[in-house]
Every structure is written in C-alpha cells, then in structure tokens.
Amino acid sequence: MYDLNELYYFVQVVEYSGYSAASRALDIPKSKLSRAVSRLEERLQVRLLHRNARQFSVTDVGAEYHQLCKEMLTAADAAEALIERSQAEPGGIVRISCPTALLNFVVAGMLSRFMIRYPRVKVQVESTNREVDVLREGFDIALRVGVPPLQDSNLVMKTLSQSPQELVASPWLIDTEGAPSSPEDLQRFPSLEGGTVRGHYEWTLQGPDGANAKVSHEPRLVTDDLITVRRLTLDGGGIAQLPLLVVFKDLMQGSLVRVLPDWQPQGAVVHAVFASRQGLLPSVRYLLDFLGDSFGEMDFSNLYEGYVLRGDEDACFLTGSSL
C-alpha cells in the first residue's frame, strides 16, 4: 500500500541533495526523513540512496523511481486542486426529470435563473409524466408531485413545496350549466381528468367546518398531460382538478373560475428524490438547494388577497407582498 508521505519525503531528500538540507528547508526533523526513506526502501526491497558520512547520492533505480514519484505527487496535487475548484464553483452536468406541466409553468424559470448564477453547470432535463427509475436511468434528481402519504422508496426525498389543487371551469361552462351549489351538483357537469386511466374517478373535497365529500365523476377526457387538461378546461370542455401552480394566472385573468370555492380538493406535495445525500456532486447539491429556496419563496397563504405575478409571461411565480 502506497504511503504518499513516504514518497513525498523521498522526493524532497533527493531534491535538496541530502537529509540535512531537506530537514532545514521543510522544518522536519532529519530523523523523521531518514526513517521514512528507510521504511520505503524496506517495503520496496531495494536501495534508493547511497549514504555515508561524506557523500550523498542516488542509485540508478532510485533516480528513475524519484522521477515517477514526482509525477505521482504532481497528479495528486492536481486532483486536490480539481476538488477545490469544483467545491468553489459547481460545474458539470446535472440530469433531472420533471413533470411536463411543473416544468413549463414553474421549474423552467427556476432553471434559467440557476444557470445564469452558475454558468459552469449544464442541465439535461427530461420532461415526462412517468415515474423514472432514478438509479437505473442515471438521473441525479427526479422532481415529482404526489398526494400524501408518499410512497416509501430506497431514495432520499426532499420536500420542495405544497401544491394546492383547485376545481376549475371556464366561465362559459358555468354560465351555460348554472353554478353548482353543493358537491352533489358536480355530477351533472362534464369533467376532465388529469391522471392515469383507471376504473373509478372521484374528487376528494374538504369543505366548511371540517366537512368532507367524495364526488364520483366520469371524465370525458383522461390524460396525464395537465397542459392538455388546462387547454380543454379553458375551452369549456368540463370541470377539472388542476394544480394552483398551473391555473393561477388563468384565475387572476378570469379565463377560469373556481368551482364551489368553499370546497377544496386535497393538496399535493412537490418533492425531489435522489440517490443519496452522501457523495452528492456540488452541482447537484447546489441545484437541490436552489430549487428548495425558489419553491420556498412561493406564498399561497393570501391567494385572493392581492397576489402579484413575478417572472416571465410563461411562468406563474407566486410571491407575497414581502418579496
């Protein structure tokens, strides 16, 4: 097993042409240098230096070994410098997956700001609504949105944000069919479903004074693409449950309205999953922290009491008055 200290001391003794000069230059006891070189020779079973009271010289094999040791120490210094640089400023490639609607309405703007702040980082994003296999497919981070309780897995999870849900419809549909007055009234409306195809569909609603209701419905359209669901909802295709992050701008502009405002669908959680906290590349750790901070700036507490829009026209970044 190599001991880089022994190699270092040997190189310094040769560079300074003797133990005494190396001891003075390095401020290391001469005896320590001598013992280190002796251990090295004993391990290698070869003499590297000729030494006597009057003369110091390097054996032929010692000279060749000295040159290789210098190259090894130079490579070790370069490796240390590489790590220091990577920790000082993150760089390299980060592979992430993200649900399409979350990416388009929120995360794209966050990634833009992250890449401006850290120009040495390259981000590869897969926009997908399927649940990727983080380990097998080689993703550093997978962003997901789920309804609690979240499934256990062998991955580490970082909660980024709550994701309030809304039952929404176009004003035209409500004007045509008449506003519902109770959860039971919802069953007379056409509906749209943002999720996977299954045998039964229902909305779970929380109402005044802790009341709960489950409303079964038969959607005219089922798709896991929330952008498509939003589009059809805007066109009057039916009532849909959509994330506030997706429809906030539509609600503010009046192109969508809340259905049964006193009844709230069960909320979801935006979270990131990744393989391990140990050994995370600086670029991955910085992106996780940046996403956490960015989602943390969102404020849902006063949605209908004077929110302002922040960011570009294609993203709905919600901020409170303090931001």
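This one's a predicted model, so the numbers in the text were calculated from it and none came from an experiment. (Residues numbered from 1 in each chain as written. Predicted model: local features only at pLDDT ≥ 70, side-chain atom pairs only at ≥ 80, totals over all residues. Heavy atoms only, no water.)

K.L.:
Before we move on, could you go through the sheet that holds strand 12 (residues 239-243) and cite the residues and values that matter?
P.N.:
Within the open sheet, the five strands sit side by side as 11-8-12-7-13. Their pairing is mixed. Among the strands making up the open sheet, the edge pair consists of strand 11 (221-223) and strand 13 (257-258). In this sheet, strand 13 lies alongside strand 7 (residues 165-169) in antiparallel orientation, the contact comprising two bridges. Opposite Ala169, over in strand 13, you have Val257 as the bridge partner. Strands in contact with helix 8 (residues 226-234) are strand 7, strand 8 (191-194), strand 11 and strand 12; relative to strand 12, the strand with the most contacts, it is inclined by about 135°. Helix 9 (residues 244-253) contacts strand 7, strand 12 and strand 13 of the sheet and is inclined by roughly 115° relative to strand 12. (Pairing = 2+ DSSP bridges. Helix = DSSP H or I, 4+ residues; strand = E, 2+ residues; numbered from the N terminus. Contact = heavy atoms within 4.5 Å. Axes fitted to C-alpha atoms, helices over the stretch in contact; angles between N-to-C directions.)

K.L.:
Any chance you could break down helix 8 for me, citing the residues and the numbers?
P.N.:
Taken together, the buried positions of helix 8 are Leu226, Val229, Arg230, Thr233 and Leu234. The buried residues of helix 8 occupy an angular sector of 135° when projected down its axis, which confines them to one face. Those residues of helix 8 that are buried lie in contact with helix 5 (100-117), strand 7, strand 8, strand 11, strand 12 and helix 9. Backbone nitrogen of Ile227 and a side-chain oxygen of the N-cap are separated by 3.1 Å at the start of helix 8; the cap is Asp225. (Buried < 20%, exposed > 50% of the residue type's maximum accessible area, 1.4 Å probe, protein only. Arc of directions from axis to C-beta. Polar contact = N/O pair within 3.5 Å; in protein donor to acceptor, adjacent residues only side chain to side chain.)

K.L.:
Could you give me a rundown of the sheet that holds strand 9 (residues 202-206), with the residues and numbers involved?
P.N.:
Across the sheet, which stays open at both edges, the three strands sit in the order 10-9-14 with antiparallel pairing between neighbours. Where the open sheet ends on each side, the last strands, each with one partner, are strand 10 (212-216) and strand 14 (264-265).

K.L.:
Before we move on, could you go through the packing of aromatic side chains and cite the residues and values that matter?
P.N.:
Tallying each qualifying case throughout the model produces six aromatic pairs. Between Phe10 and Tyr65, the aromatic rings sit 5.8 Å apart at their centres with planes inclined by 50°, giving tilted as the arrangement. With a gap of 55 residues between them, Phe10 in helix 1 (residues 4-15) and Tyr65 in helix 4 (residues 60-88) connect regions that are remote in the sequence. Neither residue differs from the other here; Phe10 and Tyr65 are each classed as buried. Aromatic pair Tyr19 and Phe56: ring centres 6.4 Å apart, planes at 85°, arrangement edge-to-face. Taken together, the residues Tyr19 in helix 2 (residues 19-26) and Phe56 in strand 2 (residues 56-58) connect sequence positions 37 residues apart. For Phe56, a relative accessible area of 24% gives the class partly exposed. Cation over ring: Arg95 sits above Phe139, and NZ or CZ is 4.3 Å from the ring centre. (Phe/Tyr/Trp six-rings, centres within 6.5 Å; stacked < 30°, edge-to-face > 60°. Lys NZ or Arg CZ within 6 Å of the ring centre and 35° of its normal.)

K.L.:
Provide a residue-level description of the confidence of the model for the chain, including the pertinent values.
P.N.:
For the chain, the mean per-residue pLDDT works out to 86, and 89% of the residues sit at or above 70. Every residue in residues 301-323 is under pLDDT 50, and counting partners more than four places away or in other chains gives 47 contacts. (pLDDT = per-residue confidence, 0-100.)

K.L.:
I'd love a proper account of unusual backbone geometry, names of residues and values included.
P.N.:
Even without glycine at this site, Asp209 takes up a positive phi of about 55°. Of note, Asp209 is situated in the loop between strand 9 and strand 10. The backbone phi angle of Leu260 is positive, close to 50°, even though this residue is not glycine. Position of Leu260 relative to the elements: it lies in the loop between strand 13 and strand 14.

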